[in-house]
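Single-letter residue listing:
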Amino acid sequence: MSLDRPPSPQDRSAGLTPAAVPETPRPLAGIRVIDLTVAVAGPIATQLLGGLGAEVIRVEPPWGRPKSPPLVPAAAAGAPDQPWNRIPLFNELHHSKRSLPLNLLHPLGREALLDLVAVSDVLVENFSPRVMGNFELEWDTLRARNPQLIFASMPAFGKSGPYRDRVSYGPGIDAMSGLAWLTGYAGETPLKPGNFYCDQNAGLHTAYAVIAALLQRERGGTGQTVELAMIEGELQLVADALLTAQFVETEPDRIGNDHRCWAPHGVYPAAGDDAWLALACRDDEDWTALRRVIEVDAPDLAATLHTDARFRTGLRRWRHRKELDALVGEWSRAQAAAPLAERLQAAGVPASNVVGARDLLDDAHFLERQTAVVVEHPQVGRTPVPQPAFRLRGTPSPPTGAAPLFADSTDYVFRDLLGYDDAQIDELLAAGVTSHELLERPQ
Amino acid sequence: MTASEQSPPGPLAGIRIVEISETASGAYGGRLLAGLDGEVVVVEPLGGSALRRVGSHPGARPHRETGASHLHLQRGKRSLTVNLESRAGRRALHELLEATEILITDLPARSWAPLGIDPARLLAQNPALIVTTITPFGSQGPRVDQASTELTEYAAGGYLRITGKPEREPVKAWGEQAQLQAGVHAALATVAAVRAKGDAHRGQHVDVAVTDAVSFLLGGTLQSAYFFGREPSRNGTRLVGFGPGHTYPSTIRPCRDGYVHAHVNSRFPETMAAFFDDPRLADPDLLATMLGHADEIDALMSPKLEREDRAEIVREAQALRIPFTEVLRPSEVLADGDGHHAARGFFVDQDHPIAGRARYPGPPIRMGESRWREGRAPLLNEDGALLHHRRLSRGHPSRSSLSRGRPSGDVPVRWRRAGVA
């Protein structure tokens, strides 16, 4: 991209494909989901169900979005100035859903929710376990209204046990699962594994379990509870370390980017600011191919790598990996990462430049694969949303639409789904139980 | 093989699934399907799947039956060896697939046709089959045939860039996280495909890319790059920040006996002032730009953290609904000091005829009216009687180049790929 001005979002999205409307029914067509989720993990679970074709009704408090969020994109031309509808992370997490403001602390709000339960298939929540009780919306109450309901909960530590009432976001779970302890540079402090790692993991497992429960119901079963304790979802991902802690006497520890058998294997500096190359040599073939690529730029180094006894076998390379990493780094730091990765790939060596989100928006494979697509948001315009890692080739299921404007489905839910008359709706509006606009939080 | 007798059969009871896996991606996808009570048959080469050699072994003595990844990920499955490089082996697989609803594999795309598992061809023969493939880059796009590993897939998907210290090289999250995430996507999509079959019993190809699973973790980063032309960088022990106005702390901090994960209650950030007994932590200017004041907040937290133990800090914070947690070592997770996992019956003590008794994570999910299939990992070809396999097992261990697309040396390529030899 060559421009005389800073690139605009439209420039950056030039290669992204709009989410298409598929010709075949999506797998969850006909399923209705009530979304009571908060933070990140729960919204991902319901977003996945929405993309697969479920109608997801996001229930938000009538004051449920910040009126002045700190960083939002500009409003699209002609759109009203409603920054609460332009929050980037919100709009990413909540695409393919509807919005219904509802105050569950009010008796009328609670009753309206139970009416909605009666005509829905799934309810997903990720409050701490006491909250649904505070709403008087526990399983027995929900089941009495709809025995076919799938009631999915995503507490941090589960609905039972000594940690039941502990509060935690995803990164706190990373800490308690051992994953944070294991992640980081050798000999240094534990690190977070990136962003909201635990949240995506929990959302994916929950969506999987909800669909499984729907299958069970359709095979003659009934409604049921589904519980995903975030910690239990994440402990699946560190099972090797948990077994290692039992099999050998040493505690599993941080090894940075090292591999247990391969060398060179790491992230090496490249030319430019914060530019890096990830490289892995699995065997002698990769090693020979790597030396041939190095030979083009640095024949002396290539010769050294070929003749030095420390690097003659895979085991020796691994034992001397620190010295080897230093030599590879000397060579790589003079090279631009992306072309170098291409040269290595052409030689059959696993390699990638360490890409960022901006790189991905220009990446040919990312764009062709439609790892993210754009949806049209009424107040923001074109908005990229990531797709899950799967493509259902027989029943394509791209996002069904942008995140909902606040209260976009108030009338739809009360009139069309629940059959409330004007007087009932007016009563709810007057009591502040629902709304057509964002209200102030009650004091 | 055992399954909880307390609950009715699971959602996939009666459904046969064939798994051909070399990595944690296919194996974890298969485990999630087995857990739902599907009958998962792992078809392995005569020498066993590469996965069997991954991870530690009891007493550090390698054995094909005792690799940690195999022991965990293959629980509740059957094992059948078939030499897919022989015509008879491929014929046997096709016979098996005739009585199968789902094939899940993480073999590379270039091996599909030679091994007789090309999705288009299988669907032409059996339109009701669901063929779930997990490959590094998916089945379309310019990188489909590129060589890759967990590390390079992490880099290509964009997540490596946001883990590590800002002044250092990015560092990968521990383990095979990219593969495991791809496995969850695969299981989710596969059960969706089962529901999509409908009355017409239409199968389909479910195409999963490991790098897409990595990109899916980016959470907000793509939007930031798109709208503002910038992306959060790795932030060491701190959560990646989207700007100084981001809430803080969300970080790992040292304390007297280890580390705690310190996290603000985002809704009531001023409670930090009470917890640390320092009014500065309720200052409106600080609360307005918490990440911008991260160094100062760390300094304000340090005195208390340095003089108290993890358990004490966490107990006090949680009493105020401030979501602090302990940073635990794997051995401490297993030790389960407060008995939380024991109270929930989470860990499963499982006997294995060669690995012995070990403690494994239980199910990731709990369903009130459906049983979860557990059980130990199968011995190699323990269920060989599923096929008249004697004619198939003649010959030598596989030395195929199919998984790499080029000639191999003395050691089976797929073993080298897994770092076994």
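Predicted model, so just to flag it, every value in this text is computed and none were measured. (Residues numbered from 1 in each chain as written. Chains lettered and ligands numbered in written order. Predicted model: local features only at pLDDT ≥ 70, side-chain atom pairs only at ≥ 80, totals over all residues.)

Enquirer: Any chance you could explain the interface of chain A and chain B here in plain terms?
Expert: Put simply, an interface is often sized by how much accessible area is lost when its parts join up. Every contact between the two is made by 130 residues of chain A and, on the other side, 128 residues of chain B. Here the side of chain A that touches chain B takes 14 residues from helix α9 (residues 197–218) of chain A, the largest share from any one element. For the side of chain A that touches chain B, a count of residues per class yields 76 nonpolar, 38 polar and 16 charged. Of the pairings in the sheet, the one linking strand β13 (residues 390–392) of chain A to strand β6 (residues 204–209) of chain B comprises 3 bridges and is antiparallel in character. The partner of L392 of chain A across the bridge, within β6 of chain B, is V206 of chain B. (Contact = placed C-beta atoms within 7 Å. Helix = DSSP H or I, 4+ residues; strand = E, 2+ residues; numbered from the N terminus. Nonpolar A, V, L, I, M, F, W, Y, C, P; charged D, E, K, R; others polar. Pairing = 2+ DSSP bridges.)

Enquirer: Explain the packing of helix α12 (residues 284–297) of chain A against helix α13 (residues 299–307) of chain A here, please?
Expert: All names here are of chain A. Packing of α12 against α13 brings their axes to within 6 Å, and their N-to-C directions diverge by 150°. Our classification of the angle between α12 and α13 gives roughly antiparallel. Along the contact surface, α12 presents R291, I294 and E295, while α13 presents P299, L301, A302, L305 and H306. For the contact of α12 with α13, the per-class residue count stands at 5 nonpolar, 1 polar and 2 charged. (Axes fitted to C-alpha atoms, helices over the stretch in contact; angles between N-to-C directions. Parallel < 35°, antiparallel > 145°, perpendicular 65-115°, else oblique.)

Enquirer: Quick question: what am I supposed to make of the sheet that holds strand β8 (residues 258–263) of chain B here?
Expert: Whether parallel or antiparallel, the strands of a sheet pair through hydrogen bonds between backbone atoms. The strand order β7-β8-β9 (chain B) describes an open sheet built from 3 strands, whose pairing is antiparallel. This sheet does not close on itself; its edge strands, each paired only once, are β7 (250–255) and β9 (325–326) of chain B.

Enquirer: I keep staring at helix α7 (residues 177–196) of chain B and nothing clicks. Help me out?
Expert: A turn of α-helix holds 3.6 residues, and therefore any two residues three or four places apart point the same way. Residue and element names in this part refer to chain B. Counted at 1.5 Å a residue, the expected span for α7 with its 20 residues is 28 Å, and the 28 Å between its end C-alpha atoms agrees. A large share of α7 lies buried, amounting to 20 of its 20 residues. Phi for G198, located one or two positions after α7, is positive at around 65°. (Expected span 1.5 Å × (residues − 1). Buried ≥ 20, exposed ≤ 12 C-beta atoms within 10 Å, placed from the backbone.)

Enquirer: Can you help me understand the sheet that holds strand β1 (residues 17–18) of chain A in this one?
Expert: All names here are of chain A. An order of β1-β11-β12 is seen for the 3 strands of this open sheet, with the pairing classed as mixed. Each having just a single partner strand, β1 and β12 (381–386) make up the two edges of the open sheet. Of the pairings in the sheet, the one linking strand β11 (residues 372–377) to β12 comprises 6 bridges and is antiparallel in character. Opposite V375, over in β12, you have T383 as the bridge partner.

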